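One-letter residues, chain by chain:
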Amino acid sequence: MNTIIVYSQPRCVQCTATYRALDSKGIDYDVVDLSTAPLALKTVKELGYLQAPVVVTDQGHWSGFRPDKIADLNNEQEDA
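To start, this report covers the structure provided alongside it. Quick caveat, the model's predicted, so the values are computed rather than measured.

What counts and how
- Residues numbered from 1 in each chain as written.
- Predicted model: local features only at pLDDT ≥ 70, side-chain atom pairs only at ≥ 80, totals over all residues.
- Heavy atoms only, no water.
- Helix = DSSP H or I, 4+ residues; strand = E, 2+ residues; numbered from the N terminus.
- Polar contact = N/O pair within 3.5 Å; in protein donor to acceptor, adjacent residues only side chain to side chain.
- Contact = heavy atoms within 4.5 Å.
- Buried < 20%, exposed > 50% of the residue type's maximum accessible area, 1.4 Å probe, protein only.
- Expected span 1.5 Å × (residues − 1).
- Arc of directions from axis to C-beta.

## Here we look at the side chain of S63
Next up, step 1: As for its position among the elements, S63 is in strand 4 (residues 61-63).
Next up, step 2: Within polar-contact distance, the side chain of S63 engages the backbone oxygen of Q51 at 3.2 Å.
Next up, step 3: At 3.5 Å, the side chain of S63 forms a polar contact with the backbone oxygen of P53.
Next up, step 4: Ignoring anything within four residues of it in the chain, the contact list for S63 reads Y49, Q51, P53 and V54.

## Here we look at the environment of L47
Next up, step 1: If you trace the backbone, L47 turns up in the loop between helix 2 (38-46) and strand 3 (54-56).
Next up, step 2: Classification of L47 as partly exposed rests on a relative accessible area of 33%.
Next up, step 3: Along the primary structure L47 and L22 are separated by 25 residues, whereas in three dimensions their C-alpha atoms are 22 Å apart.
Next up, step 4: If sequence neighbours within four positions are ignored, L47 has contacts with V56 and H61.

## What about helix 1 (residues 13-24)?
Note on helix geometry: an α-helix contains 3.6 residues per turn, so any two residues three or four positions apart are oriented the same way.
Next up, step 1: For helix 1, which comprises 12 residues, the first-to-last C-alpha distance of 17 Å matches the rise-based estimate of 16 Å (1.5 Å per residue) to within 8%.
Next up, step 2: Restricting attention to buried positions, one finds in helix 1 the residues C15, T18, Y19, A21 and L22. Projected onto a plane normal to the axis of helix 1, the buried residues spread over an arc of 165° and lie on a single side. More than 90 degrees from the buried face of helix 1, the exposed residues found are V13, R20 and S24.
Next up, step 3: Immediately beyond the C-terminal end of helix 1, within one or two residues, lies G26, with a positive phi of roughly 70°.

The structure is reproduced here in structure tokens:
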């Protein structure tokens, strides 16, 4: 089972869209608020990202609302 972390910020439209897409597929994830977690912000910057959301899974990471990547996670979950 994948460990999925969504690094987000308050009032982030793309973050909300990501949560909704993950929820609609029944994919479990943890949320880390970048506005209150300085070490998480450092981690995201070290990955090379400057905007939220940043989604980190066991297989990789991406930034922004990516329905294609979420669909891939759903397919992996169904195959497991």
